[in-house]
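# Report on the structure
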Amino acid sequence: MEHAVISYPRRKKKLILPLFALLAVIYIFISSRRASEYPILMRTEAIRLPQTAVLPKLLQTQTLIQFETSDRMGLMNSSNTTVALTAKNGKNVLGPGFYAEAFPEQKKLVLDDLFSGNRMELPYYGFPFSRAGRIFILRPDQMGALELDKQGAARWTREFGTPVTAFSAQSTLSAWGDLNGTLLLLDDTGILIDIGSNLPWSASAFQCVYAIAISKDQKAFAVIAGYKPLMMSLFIKDGAGFKVAKSIKLEGKADSEIPMVFSNDGSWLMAALPDGVAMLHTKTGRYLHQERKSTVRAMTPFGQSQIIVLVRDSNGERLEIYDKGAEAYALPVEESAYDIVDGFNSLILTEESELQSKLTRYGVK
Amino acid sequence: MRILMGGLIFIFVIFFLSSSGGSLMAEGETENSEPRKVLGLFGSITSFGTAFQNTSHDNGSSVAAMNLAIALSKGAVPQLESAFSGPIIYRQLRGGGKTTSLPRAASFIAVGQDDGFIGIYQNSAGNIVTPPTSWYEKGSKITVESENPALAQASWQMSVFDTNNATWVNPLLFNTITFADTAAPQFISIAFHGVDSSHEYAYDKKLKPTMQVKQGKYRLGMEIQDRTQKGGSFSGVHSFRILMDGVTVLEKKLDTIWVSADGYAPFNNKPPSKNSLDAHGRLIIGELDLVRGIHVLDIMAADFSGNAASVQLRLTVE
């Protein structure tokens with residue numbers, strides 16, 4: 001019975017303590033990585049904007065300029081380089097330092113330089129919009145477009161064979177896709193850039209283009225096109241042109257514009273398909289699909305690798321923050337939330353109701 | 001020991017990732033729903049016709065692709081019957097784009113048929129309501145929701161695209177609506193533009209139908225309207241025939257408009273469509289060789305319903 005005393009060898013005690021210490025260090029390390037990779041959004045500012053029929057009114061705030069019109073609202077930063085914008089009709093647009101409004105009945109366009117106060121009346125017939133600090137005008141029949149410079153002159157003009165159904169632009173590239181599956185990639189002078197022939201969706205029963213996204217560094221762009229089958233294609237820069245790097249045959253079908261964006265670092269591509277969320281790792285070509293029933297109302301890149309999605313389903317409306325191909329966390333928002341915009345170091349959420357509109361700015365914790 | 005520690009770390013990391021990420025799975029499938037057939041009455045029409053007008057744009061002009069403009073009578077149900085059977089391959093609502101969307105002046109749906117034709121129905125004053133099946137049978141209703149139903153009734157357009165041949169097709173070839181068009185088109189002006197020279201000659205109905213022109217090849221431009229005085233239905237200018245001294249030298253029909261990466265153009269003109277217009281907005285029909293001598297030029301145009309108009313010019317070619 002003397003031998004019934006339980007004792008652990010001293011050598012084992014020595015092992016357990018360092019093991020726990022190591023696990024604790026690993027946990028702290030991973031926890032700190034998680035915090036840095038998935039910044040938590042905090043509501044920092046809510047601005048209620050009454051809808052009044054006034055021309056753009058600039059109000060300098062601490063870091064952002066808030067503007068309002070009868071049917072547009074947004075924020076731009078004080079360095080006049082970033083714009084956060086939402087719209088309720090297609091007749092006007094506010095971009096970095098300019099405001100353009102179309103008067104289709106009079107077949108003219110008014111372009112205001114918001115900082116010099118200069119106003120130009122231009123003989124253009126169409127609807128202005130702004131992307132990446134550039135001003136485009138879309139023909140009312142969606143079968144033609146032009147780009148304006150800040151002096152109101154047309155940089156280039158182009159006509160399309162069928163109505164434009166998808167579009168994307170960055171600083172020097174713009175891409176236009178139409179109902180018949182034609183995809184035109186243009187430089188900032190309107191010159192067509194070679195993307196090759198025999199495009200992946202050319203074998204589809206109908207070849208409509210549903211989504212285009214150009215990466216911020218302009219080294220890649222992606223397209224979702226084709227009705228039966230629906231194809232997702234990634235193009236990468238190849239000399240002076242682009243070539244197909246990856247093409248995926250998607251299940252299901254589309255029948256309207258599909259939201260699709262690259263993360264700001266270009267590593268992930270995300271699209272809101274009718275049957276779920278699709279994610280493509282652009283470096284490895286790894287494709288992920290998350291089936292879901294919710295409706296994606298808007299989508300924007302945020303930070304380096306995050307993509308934020310405004311979602312509505314039976315559980316209400318929320319922001320879902322994805323990082324590296326996985327949902328990191330979700331944030332409930334008002335059911336009237338309408339659009340989201342990456343405001344550099346903050347996210348701007350627009351809500352609207354019959355009586356008033358509200359911009360809510362989310363900062364990063 | 002290293003293996004044990006590595007294993008523990010691996011298990012820990014796997015556990016962490018699985019708890020923090022969303023569930024990822026294989027591509028989902030969308031069920032194909034059975035097409036739904038809807039029958040109903042069709043509203044009466046007050047105005048109807050192919051719009052082939054010039055539109056001012058980018059300091060120049062463009063030709064509208066072939067659209068059938070349909071205005072329903074006041075009080076009618078704002079709906080059309082689909083002339084096509086197939087799935088909706090694209091739908092668009094009116095309104096401003098979000099930050100990632102294009103501005104949208106009109107709502108439209110594109111119905112794709114098995115034979116490669118796409119029927120496009122557009123309403124610029126309301127949003128087209130699509131069936132949950134995303135499918136239209138031929139004859140089923142296409143309805144619109146609008147804050148201004150009276151305006152929506154008068155704001156329909158239909159167009160047809162042939163994906164097999166990459167051409168717009170005259171929508172009247174697919175039309176199932178009965179209408180009456182008894183009025184002939186009216187010539188407004190005719191012009192001759194030198195192809196290899198800068199010679200230009202114009203005629204309008206206020207002038208005498210005699211012209212002195214230089215010998216050479218000319219592009220023939222015409223401004224012609226097919227609209228009734230009372231604003232009723234019209235079928236649109238469809239065919240042109242040019243006779244020189246009784247012999248047909250040029251014959252064109254507006255059945256298709258071909259498209260390319262540079263746009264589209266009627267009568268085999270070079271895209272974009274603004275190349276099909278002269279500086280005064282006249283439509284370029286084709287080219288004529290005018291050789292020295294005195295010639296009688298008969299220019300005839302007919303609308304889709306067969307109502308014809310003609311002009312006779314006496315040309316002295318030097």
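Residues numbered from 1 in each chain as written. Chains lettered and ligands numbered in written order. Predicted model: local features only at pLDDT ≥ 70, side-chain atom pairs only at ≥ 80, totals over all residues.

## Things to note about the overall build of chain A
For clarity, the cut-off: Counting from the N terminus, the helices are DSSP H or I runs at least four residues long and the strands are E runs at least two residues long. Three exposure classes are used. Buried residues have 20 or more other C-beta atoms within 10 Å of their own C-beta, exposed residues have 12 or fewer, and partly exposed residues fall in between, all C-beta atoms being placed from the backbone.
The helix and strand tally for chain A stands at one helix and 31 strands. A buried classification covers 47% of the 365 residues belonging to chain A.

## Overview of the nonpolar core
Note the threshold: To form a nonpolar core, buried Ala, Val, Leu, Ile, Met, Phe, Trp, Tyr and Cys residues must be joined through C-beta atoms within 7 Å. Note that the domain bounds were set by an automatic or database domain assignment. In this description, a residue-residue contact is defined by the distance between C-beta atoms placed from the backbone, which must lie within 7 Å.
Core analysis: the largest hydrophobic core is formed by 128 residues, its most contacted members being Ile-224, Leu-269, Met-270 and Ala-271 of chain A. The biggest single contributor to this core is strand S17 (residues 206-214) of chain A, with eight residues. Residue contributions to this core reach at least three from each of two domains, namely domain 1 (45-173) and domain 2 (186-317) of chain B. Sequence-distant contacts of Leu-269 of chain A, that is, excluding residues within four places in its chain, are made with Ala-213, Ala-222, Leu-234, Met-260, Phe-262, Met-279, Leu-280 and Thr-282 of chain A. Within the second largest apolar cluster, 21 residues are counted, among which are Phe-192, Tyr-203, Leu-283 and Ile-285 of chain B.

## Looking at the sheet that holds strand S24 (residues 308-317) of chain B
All names here are of chain B. Put simply, the rule is: Note on pairing: two strands pair once DSSP finds at least 2 bridges between them. Only the stretch in contact is used when a helix axis is fitted, and all axes are lines through C-alpha atoms; the angle between N-to-C directions ranges over 0 to 180 degrees.
Taken in spatial order, the five strands make up an open sheet running S16-S24-S23-S18-S19, and their pairing is mixed. Either end of the sheet is taken by a strand with one partner, and the two such strands are strand S16 (210-213) and strand S19 (247-253). Averaged over neighbouring strand pairs, the angle between their axes works out to 25 degrees when direction is ignored. For strand S18 (residues 237-244) and S19, the ladder comprises six bridges, and the chain directions are antiparallel. In the sheet register, Leu-243 faces S19, and the bridge partner there is Thr-248.

## Here we look at the pairing of strand S27 (residues 316-323) of chain A
Residues and elements named next belong to chain A. Of all eight residues in S27, six are buried; the element is thus mostly enclosed. Bridge count between strand S26 (residues 306-313) and S27: eight bridges; the pairing is antiparallel. The residue bridging Val-311 from the neighbouring strand is Arg-318, located in S27. Where S26 folds back onto S27 in an antiparallel hairpin, the turn is made up of two residues. Pairing analysis gives seven bridges linking S27 to strand S28 (residues 326-333), with the strands arranged antiparallel. Opposite Arg-318, over in S28, you have Pro-332 as the bridge partner. The antiparallel pairing of S27 with S28 creates a hairpin that spans two residues between the two strands, and Lys-324 there sits at a positive phi of about 55 degrees.

## Description of the confidence of the model for chain A
All names here are of chain A. Where we set the bar: For every residue, the predictor states its confidence as a pLDDT score lying anywhere from 0 to 100.
When pLDDT is averaged along chain A, the result is 78; 70% of the residues meet or exceed 70. The weakest mean pLDDT in chain A belongs to strand S2 (residues 59-60) at 42; the strongest belongs to strand S18 (residues 220-227) at 98. A low-confidence stretch, residues 32-38 (pLDDT under 50), is modelled with six contacts involving residues beyond four sequence positions or located in other chains. Note on residues 79-83: pLDDT is under 50 here. Beyond four places in sequence and across chains, it has 13 contacts.

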